[in-house]
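Understanding the architecture of this molecule
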Amino acid sequence: ETGVTQTPRHLVMGMTNKKSLKCEQHLGHNAMYWYKQSAKKPLELMFVYNFKEQTENNSVPSRFSPECPNSSHLFLHLHTLQPEDSALYLCASSHGQAQETQYFGPGTRLLVL
Amino acid sequence: GESVGLHLPTLSVQEGDNSIINCAYSNSASDYFIWYKQESGKGPQFIIDIRSNMDKRQGQRVTVLLNKTVKHLSLQIAATQPGDSAVYFCAENAGGTSYGKLTFGQGTILTVHP
């Protein structure tokens, strides 16, 4: 175990649903990240939070809304997603944004119908 | 632009052999590189890293080599075991304003046959 947990591990949702992904890190890190992993594509960085402040939004559509209430928790709120948003969503954390080693959670496998 | 790519998408080896996984990068400003291993149903797992002021770094059964002249990175796994079967990703960080932003390669599937 890496010390980064994600729930749920699997999620199926319709395009009109609203759901949230949760990430929690037990490593005392200050930076947290959301990545999208699609088949046959490299991991895509979505959002970066450093000390609860968003420092990076990699041109992510507004139907994805992140929330970071504290340095240990990160959420990704999902609303009116498209089938092409189906992917593995990975959360990661690091000591600080300048400390580049990132530790990943197991991911949430999302299927949008 | 920034990109990290892999020469070989798949690699099959026999148990006990040494494995070499290659990675090319295009951003000459990259100063930090990481190798991750991802097993089925799991997130990427950190293996080893190297900074641009080094050309070689060794871990337990793994060695990373960095050739900045040709912008090439490799991961060597000694005495490969079936448990090493996974997808291996290289990632780079360019530092500066890109601090914390890792750019990942496509990945190489390593299959180890008993």
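Residues numbered from 1 in each chain as written. Chains lettered and ligands numbered in written order. Predicted model: local features only at pLDDT ≥ 70, side-chain atom pairs only at ≥ 80, totals over all residues. Heavy atoms only, no water.

Description of unusual backbone geometry
To be explicit about the condition: Runs of E in the DSSP output that reach at least two residues are strands. Runs of H or I that reach at least four are helices, and both are numbered from the N terminus. Here's how the labels work: a residue is buried when its accessible area is under 20% of the maximum for its type, exposed when over 50%, partly exposed in between, all with a 1.4 Å probe on protein chains only.
The residue after T7 of chain A, namely P8 of chain A, is reached through a cis peptide bond having omega -10°. Mapped onto the secondary structure, P8 of chain A falls in the loop between β1 (4-7) and β2 (10-13). With a phi close to 55°, S59 of chain A is a non-glycine residue in the positive phi region. Structurally, the position occupied by S59 of chain A is in the loop between β6 (53-57) and β7 (64-70). For S59 of chain A, a relative accessible area of 70% corresponds to the exposed category. We note that K71 of chain B has phi near 55°; this positive angle belongs to a residue other than glycine. For K71 of chain B, the location among the structural elements is in the loop between β7 (62-67) and β8 (72-77). The partly exposed category is assigned to K71 of chain B, whose relative accessible area is 27%.

Focus on the state of the cysteines
What counts, and what does not: Pairs of cysteine sulfur atoms within 2.5 Å are identified as disulfides in what follows.
For the structure shown, the criterion picks out 2 disulfides over all chains. Across the disulfide, C23 of chain B is cross-linked to C90 of chain B (sulfur-sulfur distance 1.8 Å). The S-S bond linking C23 of chain B to C90 of chain B shows a torsion near 55°; that makes this disulfide right-handed. Highlighted residues: C23 of chain B in strand β3 (residues 19-25) and C90 of chain B in strand β9 (residues 86-93), separated in sequence by 67 residues. Of the two residues examined, C23 of chain B and C90 of chain B, each falls in the buried class. Cysteine C68 of chain A is unpaired, with the sulfur of C91 of chain A as its nearest cysteine sulfur at 9.0 Å. C68 of chain A sits in the buried class, given a relative accessible area of 11%.

Coordinates in, geometry out; function isn't part of it.
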